[in-house]
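Survey of secondary and tertiary structure
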Amino acid sequence: MKVTLTIAGSDSSGGAGIQADLKTMCMNGVYGESVITALTAQNTTGVRAVLDSTPAFLEAQLDAVFEDIYPDAVKIGMVSQSALIHVIATKLQYYHPKNIVLDPVMVATSGAKLISDEAIHTLKEELIPLANLITPNIPEAEVLSHMKITSSKDMLKAAKKIYDTYGCAVLCKGGHQLNDANDLLYINNTYQWFYGKRIPNNNTHGTGCTLSSAIAANLAKGFTIQESIQRAKDYLSLALSAMLDLGAGSGPMMHNVNLKGIYSEEADNE
Ligand SMILES: Nc1ncnc2c1ncn2[C@@H]1O[C@H](COP(=O)(O)OP(=O)(O)O)[C@@H](O)[C@H]1O
Ligand SMILES: Cc1ncc(COP(=O)(O)OP(=O)(O)O)c(N)n1
């Protein structure tokens, strides 16, 4: 059994963060482990409070999982403070996992800021350079590239800028576009579009968490980055298409979907 670790915040409503990650990993056929960076008191209408882990407790969680059940891939989500980012970077350099997918979570759909300005600086300096793939949405890509993104051309320019600066592959997610849901991968000095039909569902809480966890799960199973992105996008589209409608705000997606037929082949080393 392949193992995937999520290092992220808890979402009490179950739609994003650790809860979305573990559901996604389970559905994508890997064993999921979790290291919790923060507790959030959150529902579909917003984030009411955040309680960060201490650096020492975060360190204890990371040692506990890496010393016993070593993950084949790691996904990193919400980390709001510099000291916590520093702990994660130090431990990843020490344990050296093969696949690191970083979702540079900055702002929730509901508008709540999930990272301090100082921590954005530490993320850029210490964590992004360790990642194999980062998955910014358009507002996050704007922060990382220091440019405004209003078109597909801008997405390409920003993704190349981020790739040139940090040296990791970049998947610029297009969920915040009006008409399409096209994501752009910049890797090895070249790019590839992953086209997606926009599903008319406003319940998109946790789409970014789900996509990055599904990518990590598929990397753990031995798929290439490109294959893992396509599989993750197929999984996400299916979960969105189930049209679950819970809560008064932007609700969560349905994870217990029937995957038969969407995954045509399995990786060699499963
Ligand atoms: N309505 C939608 N229909 C289909 N795919 C979507 C929709 N909204 C978002 N996505 C996809 O969900 C993933 C997450 O994208 P995005 O919403 O941009 O990230 P985030 O949740 O981090 O803000 C991307 O693959 C994006 O293309
Ligand atoms: C605890 C926690 N982590 C991350 C997010 C942001 O999740 P994301 O998948 O980007 O989805 P939206 O919040 O944008 O729907 C979160 N809200 N909570």
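These figures come from a predicted structure and were not determined experimentally.

Considerations on the sheet that holds strand 3 (residues 46-52)
Ordered by their spatial adjacency, nine strands build an open sheet running 3-2-1-4-5-6-7-8-9, and the pairing between neighbours is mixed. Of all the strands in the sheet, just strand 3 and strand 9 (190-194) have a single pairing partner and so form its edges. One ladder, built from four bridges, connects strand 1 (residues 3-11) with strand 4 (residues 73-76); its direction is parallel. Each bridged residue has a counterpart across the sheet, and for Thr 6 the counterpart in strand 4 is Lys 75.

Here we look at helix 6 (residues 152-166)
For helix 6, spanning 15 residues, the distance from its first C-alpha to its last is 21 Å, which sits close to the expected 21 Å at 1.5 Å a residue. Within helix 6, the full set of buried residues consists of Asp 154, Met 155, Ala 158, Ala 159, Ile 162, Tyr 163 and Tyr 166. Along helix 6, the residues classed as buried sweep out an arc of 165 degrees about the axis, all on the same side. Of the residues in helix 6, the exposed ones pointing more than 90 degrees away from the buried face are Lys 153 and Lys 157. Looking at the buried positions of helix 6, the neighbouring elements they touch are helix 4 (117-127), strand 6 (133-134), helix 5 (138-145), strand 7 (169-172), strand 8 (183-187) and strand 9. After helix 6 finishes, the residue Gly 167 shows a positive phi value of roughly 75 degrees.

Topic: the site of ligand 1
Taken together, 15 residues form the shell around ligand 1, and within it Lys 173, His 176, Asp 183, Ile 199 and Leu 236 come nearest. Contacts to ligand 1 include His 176, whose side-chain N or O atom sits 2.7 Å from an oxygen atom. Contact between ligand 1 and Thr 207: an oxygen atom at 2.8 Å from a side-chain N or O atom of the residue. Relative to its unbound accessible area of 550 Å², ligand 1 is 93% covered by the protein chains. Breaking the shell around ligand 1 down by element, the ones donating at least two residues are helix 7 (207-220) and helix 8 (225-241).

Comments concerning the packing of aromatic side chains
Considering all chains together, one arrives at five aromatic pairs under this definition. The rings of Phe 66, Tyr 70, Tyr 94 and Tyr 95 are connected pair by pair, giving a single aromatic cluster. Over the face of the ring belonging to Tyr 94 we find Lys 91, whose NZ or CZ atom lies 6.0 Å from the ring centre.

Focus: the site of ligand 2
Taken together, 17 residues surround ligand 2, and among them Gln 42, Thr 109, Gly 206, Gly 208 and Cys 209 come closest. Between ligand 2 and Cys 209, the relevant distance is 2.7 Å, taken from an oxygen atom to a main-chain nitrogen or oxygen of the residue. Notes on ligand 2: free accessible area 420 Å², of which the protein chains cover 95%. Broken down by secondary-structure element, the contributors of at least two residues to the shell around ligand 2 are strand 1, strand 2 (31-43) and helix 7. Looking at the shell around ligand 2 element by element, the count peaks at three residues for helix 7. Broken down by class, the residue content of the shell around ligand 2 amounts to six nonpolar, eleven polar and no charged.

Reading the values: the criteria
Residues numbered from 1 in each chain as written. Chains lettered and ligands numbered in written order. Predicted model: local features only at pLDDT ≥ 70, side-chain atom pairs only at ≥ 80, totals over all residues. Heavy atoms only, no water. Pairing = 2+ DSSP bridges. Helix = DSSP H or I, 4+ residues; strand = E, 2+ residues; numbered from the N terminus. Expected span 1.5 Å × (residues − 1). Buried < 20%, exposed > 50% of the residue type's maximum accessible area, 1.4 Å probe, protein only. Arc of directions from axis to C-beta. Contact = heavy atoms within 4.5 Å. Near = heavy atom within 4 Å. Polar contact = N/O pair within 3.5 Å; in protein donor to acceptor, adjacent residues only side chain to side chain. Areas by Shrake-Rupley, 256 points an atom, 1.4 Å probe, with all protein chains shown as cover. Phe/Tyr/Trp six-rings, centres within 6.5 Å; stacked < 30°, edge-to-face > 60°. Lys NZ or Arg CZ within 6 Å of the ring centre and 35° of its normal. Nonpolar A, V, L, I, M, F, W, Y, C, P; charged D, E, K, R; others polar.

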